[in-house]
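Summary of structural features
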Amino acid sequence: PGPRINVISEMRDGILWVGTDDGLARLDPRPPVGAPAFVAELIRPAGKEVGVTGLLEDRAGRLWVCLGHELWVRDRPGEPARQVALPRGVLVEGSIVEAPDGSLWMLAGSGILRLLPDGSFRSYPFRSPDDSARDLAFDAQGVLWIARADGLLLFRPEGSERAEGRALPLLD
């Protein structure tokens, strides 16, 4: 599915999913017979040229894929993926993580989008369009860290309307 790899994620069963500019591939690094080989998995609608920018296996074993500016989910292995309806005007950008409460967080345009366990969405816009983010991660205490060009931003959503604050700069 393309030579340029954008994202890689290991599932609980050891399978590696690789997202490229041209789609998604599955790799079993320990096949029962022979050498490891990629198996292409096409989940985008025909005719769309979009890359995979985010991958996550959630606690329920569902595979979530940020594909172009869309969100897709495959509920069980072997089943086709389905597109998740996003709030009007929201485009996902990649980097998807699961919070301790089971909600999913992803980069979306000029902010962060949260998919709550009840299926509803909540947006946290950045203070300015220049506050672009590159990646997301939760620490052991359940705090969301946002990787930005100017450093790391600690974000606690309780009582927050925006994903803002002063980034912790990286040392040279």
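Each remark here, short or long, concerns the structure printed above.
This section reports on the structure supplied with the text. This is a predicted model, so every value here is computed, not measured.

1. Topic: the overall build of the protein
The number of helices and strands found in the protein is 0 helices and 15 strands. Buried residues in the protein amount to 41% of all 172 residues. Summed over all atoms, the accessible surface of the protein reaches about 9,800 Å², with 53% contributed by carbon and sulfur.

2. Re the pairing of strand S10 (residues 104-108)
Along S10, 5 of the 5 residues are buried, which leaves the element largely enclosed by surrounding structure. Neither face of S10 is exposed, since Leu104, Met106 and Ala108 on one face and Trp105 and Leu107 on the opposite face are all buried. Bridging between strand S9 (residues 92-98) and S10 involves 5 bridges; their strand directions are antiparallel. Within the sheet, the bridge partner assigned to Gly94 lies in S10 and is Leu107. The antiparallel pairing of S9 with S10 creates a hairpin that spans 5 residues between the two strands, and Gly102 there sits at a positive phi of about 90°. Examined bridge by bridge, S10 and strand S11 (residues 111-115) share 5 bridges and lie antiparallel to one another. Each residue of the ladder has a partner; that of Met106, found in S11, is Leu113. In this structure, the hairpin formed by S10 and S11 is closed by a connection of 2 residues, where Gly109 is found at a positive phi of approximately 55°.

3. Structural notes on the sheet that holds strand S14 (residues 144-148)
Spatially, 3 strands are ordered S13-S14-S15 in an open sheet, and the strand pairing comes out antiparallel. In the strand order of this sheet, the two ends are held by strand S13 (133-138) and strand S15 (151-155), each with one partner. Direction aside, neighbouring strands of the sheet carry axes that sit 25° apart on average. For S14 and S15, the ladder comprises 5 bridges, and the chain directions are antiparallel. Bridge assignment links Arg148 to a residue of S15, and that residue is Gly151.

4. Regarding the sheet that holds strand S6 (residues 63-67)
If you walk across this open sheet you meet the 4 strands as S5-S6-S7-S8, and the pairing is antiparallel. The open sheet has two edge strands with one neighbour each: strand S5 (52-57) and strand S8 (82-84). Put simply, the sheet's adjacent strands are angled 25° from each other on average, direction ignored. Pairing between strand S7 (residues 70-74) and S8: 3 bridges, direction antiparallel. Paired with Trp72 across the strands is Gln83, a residue of S8.

5. Some remarks on the nonpolar core
Within the largest apolar cluster, 14 residues are counted, with the highest numbers of intra-cluster contacts made by Trp64, Leu71, Ile96, Leu104, Met106, Leu113 and Leu115. At the level of elements, S6, S7, S9, S10 and S11 are the ones that each hand at least two residues to this core. Of all the elements, S10 adds the most residues to this core, at 3 residues. Setting aside residues up to four positions removed in sequence, Leu104 forms contacts with Leu56, Trp64, Ile96, Val97, Glu98, Leu113, Arg114 and Leu115. Counting 13 residues, the second largest nonpolar core, distinct from the first, contains Trp105, Phe126, Ala133 and Ile146.

6. Some details on the packing of aromatic side chains
The final tally for this structure, using the stated rule, is 4 aromatic pairs. Note on Trp105 and Phe155: the rings are 6.1 Å apart at their centroids and 75° apart in plane angle, and the pair reads as edge-to-face. Here Trp105 is found in strand S10, whereas its partner Phe155 is found in strand S15, with 50 residues between them in sequence. By relative accessible area, Phe155 is classed as buried at 3%.

Conventions and cut-offs
- Residues numbered from 1 in each chain as written.
- Predicted model: local features only at pLDDT ≥ 70, side-chain atom pairs only at ≥ 80, totals over all residues.
- Heavy atoms only, no water.
- Helix = DSSP H or I, 4+ residues; strand = E, 2+ residues; numbered from the N terminus.
- Buried < 20%, exposed > 50% of the residue type's maximum accessible area, 1.4 Å probe, protein only.
- Areas by Shrake-Rupley, 256 points an atom, 1.4 Å probe, with all protein chains shown as cover.
- Pairing = 2+ DSSP bridges.
- Axes fitted to C-alpha atoms, helices over the stretch in contact; angles between N-to-C directions.
- Core = buried A, V, L, I, M, F, W, Y, C linked by side-chain atoms within 4.5 Å.
- Contact = heavy atoms within 4.5 Å.
- Phe/Tyr/Trp six-rings, centres within 6.5 Å; stacked < 30°, edge-to-face > 60°.

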